[in-house]
Amino acid sequence: MIRLEHIDKHFGGVQALNDVSVHIAKGEVHVLVGENGAGKSTLGKIIAGVHRPDEGRVLIDGEPAELTSPLDAQRHGIAIIFQELDLFPNLTVGENIVIGNLQVEHGGVVDFKALAAFCRPWLEKVGLTCSHSTLLDSLSISDVQRVAIARALSMKARLIIMDEPTSSLPDDAIEKLLALICDLRDSGVSVVYVSHKMDELFRIADRITVLRDGSHVGTSLASETNKEELIRDMVGRDISEMTRRTTGVSGVRLLEVNGLTTDGIRDVSFSMRTGDVLGVAGLVGSGRSEIGAALFGLDAIKSGSITLKGQEFRPKSPAHAMDSGIMLLPEDRKNMGLMMGMSVEDNAALSIFDRFQTLGVIRGSRLRKTVEPVMRRTLVKAASPQIAVSTLSGGNQQKVLLCKCILPDTDVLFLDEPTRGVDVGAKEDIYGIIEELAQEEKAILFVSSELPELLRCCDRILVMHEGRSVALLNAAETSQEAIMAMATGQT
Ligand SMILES: Nc1ncnc2c1ncn2[C@@H]1O[C@H](COP(=O)(O)OP(=O)(O)OP(=O)(O)O)[C@@H](O)[C@H]1O
Ligand SMILES: [Mg+2]
């Protein structure tokens with residue numbers, strides 16, 4: 001259906017793609033894998049008309065094509081779900097689906113009845129139960145991701161590029177999307193699928209292309225390769241998996257939460273000692289992130305108590321929480337975590353700027369000296385610390401966010417999906433960092449939808465269900481199945 005030949009793409013001094021040739025057949029699911037910054041999103045954006053290649057050409061149905069804009073690509077039957085979702089928070093779900101959508105007739109007048117009828121089947125397909133007139137801003141990030149998928153589907157494209165579409169989706173929605181992709185394939189639609197989740201991609205892939213540092217390492221039939229081989233091709237080395245955490249809890253009492261109740265959670269209790277890694281499991285919307293919001297002074301506490309280092313603590317604001325020793329890594333890096341237009345190092349230092357200013361002037365060299373080692377520790381790959389964080393690949397943005405949370409050196413860290421969009425190698429590195437933080441006598445709350453990583457990194461796992469903490473399990477003595485049963489309210 002589409003053929004890319006000898007594609008080169010530079011961004012300033014960065015060579016994002018180097019002589020990449022690949023073709024996407026009609027009705028195939030073509031998976032792109034590679035480390036953070038390997039060039040996957042860039043390749044997707046070239047196919048979708050967002051970027052134009054410096055060298056090389058694009059052929060559609062055998063004819064050379066100039067894709068000069070996403071609208072142009074849409075005319076050729078190509079739609080994209082961006083990794084960094086690009087929807088409008090101040091518009092409704094329905095408006096987000098129809099805006100710039102060539103499947104919807106334009107007459108300058110919005111026909112709300114027609115809009116509702118147009119959107120309904122697509123919202124149903126992705127399992128969204130909200131009305132088309134809901135403001136996007138009021139949705140959770142996983143629902144926003146579903147809107148983006150519904151929008152792309154509604155364009156009735158021949159080729160859909162999905163750049164990490166499941167990074168914020170709950171398990172049941174992932175299942176739904178994977179089934180949907182198989183249906184699309186059966187009806188002759190091609191899908192380019194980018195993901196770091198190995199198990200997921202092997203379930204749908206026909207062929208898999210590996211990129212490394214902008215170069216095409218190879219393309220193979222999914223049936224003729226395996227996870228280990230792919231990882232080796234991606235990172236150019238074997239990855240040693242971290243062994244399970246075995247250290248017992250022996251530190252001093254640091255944080256105690258008793259009967260904590262806010263708008264999002266009810267009667268949540270747990271306690272942590274220094275060196276503790278406490279996993280927080282549960283379905284999307286079960287109140288996992290809301291525990292962080294309560295501890296960090298974002299959500300008002302209605303009842304219950306928090307004791308921090310032996311003292312009663314009631315967070316008034318994020319600044320107050322940070323001063324008292326609690327830091328939060330938010331799930332939504334684009335809207336809550338990073339300032340996209342600011343530089344990499346300024347983002348990393350965002351929460352400790354005060355330390356580097358005298359009379360309103362930031363002492364840049366001191367700041368740099370403090371930030372640099374932490375950026376090295378979290379393996380941020382950036383052309384320079386001074387470039388805008390928006391130009392980094394998704395996984396590298398996530399690492400900058402981790403820097404920002406480590407830098408204030410707080411006693412308690414609430415990490416909400418810290419490995420979202422991070423490649424397999426760097427994930428292991430982040431697990432290592434969490435373990436080091438624990439050894440530095442901090443207490444870490446680790447929220448994740450990926451149960452294997454919780455079972456490996458945590459001492460205990462708190463399971464949330466409908467805003468309540470329903471179990472506190474010893475990680476060594478439980479299983480994914482047991483956690484799921486509790487998270488879904490079956491036990
Ligand atoms: N608009 C841009 N300006 C400058 N550099 C960019 C821009 N877009 C991408 N890059 C650079 O191009 C390289 C490839 O980035 P890309 O986003 O394609 O990686 P990726 O494979 O999608 O990674 P990830 O898994 O982290 O999403 C990176 O070094 C990135 O910093
Ligand atoms: Mg990407």
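Residues numbered from 1 in each chain as written. Chains lettered and ligands numbered in written order. Predicted model: local features only at pLDDT ≥ 70, side-chain atom pairs only at ≥ 80, totals over all residues.

As a further point, take the domain arrangement of the chain. When its domains are assigned, the chain resolves into domain 1 (2-235) and domain 2 (253-487). If you list the elements that add at least two residues to the side of domain 1 that touches domain 2, you get α5 (141-154) and α8 (227-235). When grouped by side-chain class, the residues that make up the side of domain 1 that touches domain 2 number seven nonpolar, 10 polar and three charged. (Domains from an automatic or database assignment. Helix = DSSP H or I, 4+ residues; strand = E, 2+ residues; numbered from the N terminus. Nonpolar A, V, L, I, M, F, W, Y, C, P; charged D, E, K, R; others polar.)

One open sheet accounts for six strands, arranged β6-β7-β8-β3-β9-β10; its pairing is mixed. Pairing within the sheet leaves two strands with one partner each, and these edge strands are β6 (78-81) and β10 (215-221). Taken pair by pair, the neighbouring strands of this sheet meet at an average axis angle of 15 degrees, ignoring direction. Helix α1 (residues 40-47) rests against β3 (29-33), β6, β7 (159-163), β8 (190-194) and β9 (207-212) of the sheet, and its axis sits at about 155 degrees to β8. (Pairing = 2+ DSSP bridges. Axes fitted to C-alpha atoms, helices over the stretch in contact; angles between N-to-C directions. Contact = placed C-beta atoms within 7 Å.)

All right, on to the nonpolar core then. Within the largest apolar cluster, 70 residues are counted, with the highest numbers of intra-cluster contacts made by Phe414 and Phe446. Setting aside residues no more than four positions away along its own chain, phenylalanine 414 makes contact with Gly292, Leu295, Phe296, Ile326, Leu328, Leu329 and Leu445. Within the second largest apolar cluster, 67 residues are counted, among which are Val31, Leu136, Met155 and Val191. (Core = buried A, V, L, I, M, F, W, Y, C linked by C-beta atoms within 7 Å. Buried ≥ 20, exposed ≤ 12 C-beta atoms within 10 Å, placed from the backbone.)

Before going further, it helps to spend a moment on helix α4 (residues 112-125). Compared with an ideal rise of 1.5 Å per residue, which puts 14 residues at 20 Å, α4 spans 20 Å between its outermost C-alpha atoms and is within 8% of the ideal. Of all the residues in α4, the buried ones are Cys119, Trp122 and Leu123. In the core, the buried residues of α4 are packed alongside α3 (93-98) and α5. Where α4 ends, the next residue or the one after it, glycine 127, has phi of about 75 degrees, a positive value. (Expected span 1.5 Å × (residues − 1).)

Moving on, we get to α5. Between its terminal C-alpha atoms α5 stretches 20 Å, which fits the 20 Å expected from 14 residues at 1.5 Å a residue. Among the 14 residues of α5, 13 are classified as buried, and the element is accordingly described as predominantly covered. Where α5 ends, the next residue or the one after it, lysine 156, has phi of about 50 degrees, a positive value.

Right, let's talk about the environment of leucine 260 for a bit. The topology assignment puts leucine 260 in strand β11 (residues 253-261). Classification of leucine 260 as buried rests on a count of 23 C-beta atoms within 10 Å.

Geometrically, a packed helix pair is captured by the angle between its two axes and the distance between the axes. With their axes 9 Å apart at the nearest point, α4 and α5 run at an angle of 125 degrees to one another. When the interaxial angle is binned, α4 and α5 end up oblique. Between α4 and α5 lies a crossing of right-handed hand. Facing α4, whose interface residues are Trp122, Leu123 and Lys125, α5 presents Ala150, Leu153 and Ser154. Here the contact of α4 with α5 is composed, by residue class, of four nonpolar, one polar and one charged. (Parallel < 35°, antiparallel > 145°, perpendicular 65-115°, else oblique. Left-handed = near helix turned anticlockwise from the far one by under 90°.)

We now examine the site of ligand 1. As a structural note, the neighbourhood of ligand 1 is formed by 20 residues, with Phe11, Asn36, Ser41, Ser393 and Gly395 the closest of them. Only β2 (14-24), α1 and α14 (394-406) provide two or more residues apiece to the shell around ligand 1. Among the residues making up the shell around ligand 1, the classes are represented as five nonpolar, 13 polar and two charged. Per-domain counts for the shell around ligand 1 show at least three residues from each of domain 1 (2-235) and domain 2 (253-487). (Near = placed C-beta within 6 Å.)

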